[in-house]
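What follows is the residue order along each chain.
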Amino acid sequence: MVGSIGIAELLARSDAGEELILLDVRNDEEFAAWRFEPRRPLETVHVPYFEFIEEPDAATARIPGDREVVVLCAKGGSSEMVAEMLASAGRRARNVSGGMLAYGDHLEPVRIRTGAGSELDVWQLNRRGKGCLSYLLRSGGEAVVVDPSRRVEAYLELAAELGAKIVHVADTHVHADHVSGGPELARRAGAPYSVDAGSGFELRRTVRQLADGSAIPFGASAIRVIAAPGHTPGSVLLLAGDRHLLSGDTLFVGGVGRPDLGGDPAAWGRALFATLTRKLAPLPDDTVVLPAHYASVAEIGADGAVSGRLGDLRRDVPEMRIAEERAFVEAMVAGAKPAPAAYERILRANLGLEDAPVESMTEWELGRNQCAASSKAAAGTRGA
Amino acid sequence: MAMRKLDVRGAKCPIPIVKAKKEIDAMAPGDLLEVTATDPGSVPDFQGWVKTNKNALLRDQRTTKDETGREVYVHVLERKA
């Protein structure tokens, strides 16, 4: 049996710049659509697994022999076969267990610095394969989880490790790029769940309403709810301990949320402009912005976290510099693009209108999120 | 001209291609092989594989439901001369 490597170890080693060869054996279509993306460049060779079945010697000869090879496929089956073929040809090879499926599910917890003596502990759980960010906030023995992914065990385990009880679960909006773990996590934790679909959407879920300006208390801290229509009509911003702003898909480190998913980018664009100008205006420049997504690994900071200082974003994000509503809305309308492939079905699942088997949800979620408005900023510093 | 059938429902890759290759390489020219799979990734996989296998020609690919209501991907291959 050939050895294997898990996603966490592969990310850690390739993020650190270790010299490895990544051999991706998926078909051309899957390889073009979605790639493994470490923080440092990783030499990647693409040879579909069926070439190893047909021409094993020719395929093996295409793989550089000077470094350890890690073999990746969609679910870990074909890559195991190829890794075994390479190992029996005398190569140093390991199989990436679980493949891109495991990569898409993996959550990397990163602690956000909140300053000495802070009563608030902020953990960002980075779903590297999707570019989705969720949060666990802890104060004393209580925790609140925001925008959780479907793999809810990660949050339950982290809370248990920190000795905290999850007392509230919230989504900043009805997500359309991934299936929310919110209802399931709330049920498992015995905590209330909050999400607001906004007007025009039927929400078939039992939720605790979050009024604009209300507070979610936990431990010695509290989260203030700020209604923030734009990306969706029911979006909220959650301000934790007066300094950490969970900005959902309203504001990212490199752009703003797309207001075109409802089919009327001008109407939602006007709402987004009002949110970005009026709702954010009272917040000081040193507010720490913690978004629900990022567009490229270049947005991950040296400390491993995706975060921005509000003052910097006011200065650097092109859409944040547009002072006129008309110009802002024009930019949003011009940047409108088709909704992601499984948008409708994910939305229906998150609204509680449809129950789907786990395999279907997994298929819908393949690939990276596309939640930012298309602009120079949202295209990211690296394009990808 | 004979039509063989290969049921690889529930199998994940590389099993569908490994089994289809075994069948195709042993078939007579002109014979057909109908492969039924449940993995959506089998669609681009079969398209890519026939480019590297000198014996197989991809005649048809379709998506349908099996008797249990499960979505299945049917690939019809012909053994080349």
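See the structure printed just above.
We now turn to the structure provided with this report. Just so it is clear, the structure is predicted and the values come from calculations on it, not from any experiment.

**Section: the overall build of chain A**
Next up, step 1: Helices and strands together make up the secondary structure of chain A, namely 13 helices and 17 strands.
Next up, step 2: Against the globule reference of 21 Å for 384 residues, chain A gives a C-alpha radius of gyration of 22 Å, in line with a compact fold.
Next up, step 3: Oriented by its inertia axes, the alpha-carbon framework of chain A measures out at about 65 × 50 × 40 Å.
Next up, step 4: Sorting the 384 residues of chain A into buried and exposed places 56% on the buried side.
Next up, step 5: Contacts in chain A between residues far apart in sequence, at least 24 positions, make up 64% of those at least 6 positions apart.
Next up, step 6: When the accessible area of chain A is evaluated, it comes to approximately 15600 Å², of which 49% is carbon and sulfur surface.

**Topic: the packing of helix α1 (residues 15–26) of chain B against helix α2 (residues 42–52) of chain B**
Packed helices, taken two at a time, are described by their axes: the angle between them and the distance between them.
Residues and elements named next belong to chain B.
Next up, step 1: Where α1 contacts α2, the two axes come as close as 11 Å, and the packing angle between them is 40°. When the axis of α1 is compared with that of α2, the two are oblique. Seen along the crossing, α1 lies across α2 with a hand that is right-handed. The segment α1 lies against α2, with Pro 16, Ile 17, Ala 20, Lys 21 and Ile 24 engaging Asp 45, Phe 46 and Trp 49.
Next up, step 2: Counted by class, the contact of α1 with α2 contains six nonpolar, no polar and two charged residues.

**A short note on empty space enclosed by the protein**
Residues and elements named next belong to chain A.
Next up, step 1: One pass over the full model with this rule turns up seven cavities of 30 Å³ or more.
Next up, step 2: Put simply, the largest cavity is a space of about 120 Å³.
Next up, step 3: Lining the largest cavity are 13 residues, and of these Val 174, Phe 201, Thr 232, Trp 268 and Leu 347 sit closest to its centre.
Next up, step 4: Class assignment of the residues belonging to the lining of the largest cavity gives a composition of 10 nonpolar, three polar and no charged.

**Some thoughts on unusual backbone geometry**
Next up, step 1: Of note, the amide linkage connecting Cys13(B) to Pro14(B) takes the cis form, showing an omega dihedral of 15°.
Next up, step 2: Residues other than glycine seldom take positive phi values, yet Asp147(A) does so here, at roughly 55°.
Next up, step 3: With respect to the element layout, Asp147(A) can be found in the loop between β9 (142–146) and α7 (153–161).
Next up, step 4: What makes Asp147(A) buried here is its relative accessible area of 4%.
Next up, step 5: We note that Asp242(A) has phi near 65°; this positive angle belongs to a residue other than glycine.
Next up, step 6: Mapped onto the secondary structure, Asp242(A) falls in the loop between β14 (236–240) and β15 (244–248).

The rules behind each value
- Residues numbered from 1 in each chain as written.
- Chains lettered and ligands numbered in written order.
- Predicted model: local features only at pLDDT ≥ 70, side-chain atom pairs only at ≥ 80, totals over all residues.
- Heavy atoms only, no water.
- Helix = DSSP H or I, 4+ residues; strand = E, 2+ residues; numbered from the N terminus.
- Rg over C-alpha atoms; globule rule 2.2 N^0.38 Å.
- Buried < 20%, exposed > 50% of the residue type's maximum accessible area, 1.4 Å probe, protein only.
- Contact = heavy atoms within 4.5 Å.
- Areas by Shrake-Rupley, 256 points an atom, 1.4 Å probe, with all protein chains shown as cover.
- Axes fitted to C-alpha atoms, helices over the stretch in contact; angles between N-to-C directions.
- Parallel < 35°, antiparallel > 145°, perpendicular 65-115°, else oblique.
- Left-handed = near helix turned anticlockwise from the far one by under 90°.
- Nonpolar A, V, L, I, M, F, W, Y, C, P; charged D, E, K, R; others polar.
- 1 Å grid on protein atoms, 1.4 Å probe; cavity = no way out; pocket = protein on both sides within 12 Å on 5 of 7 lines; lining within 4 Å.
- Points joined across faces, edges and corners; volume = space filled by probe spheres on them.

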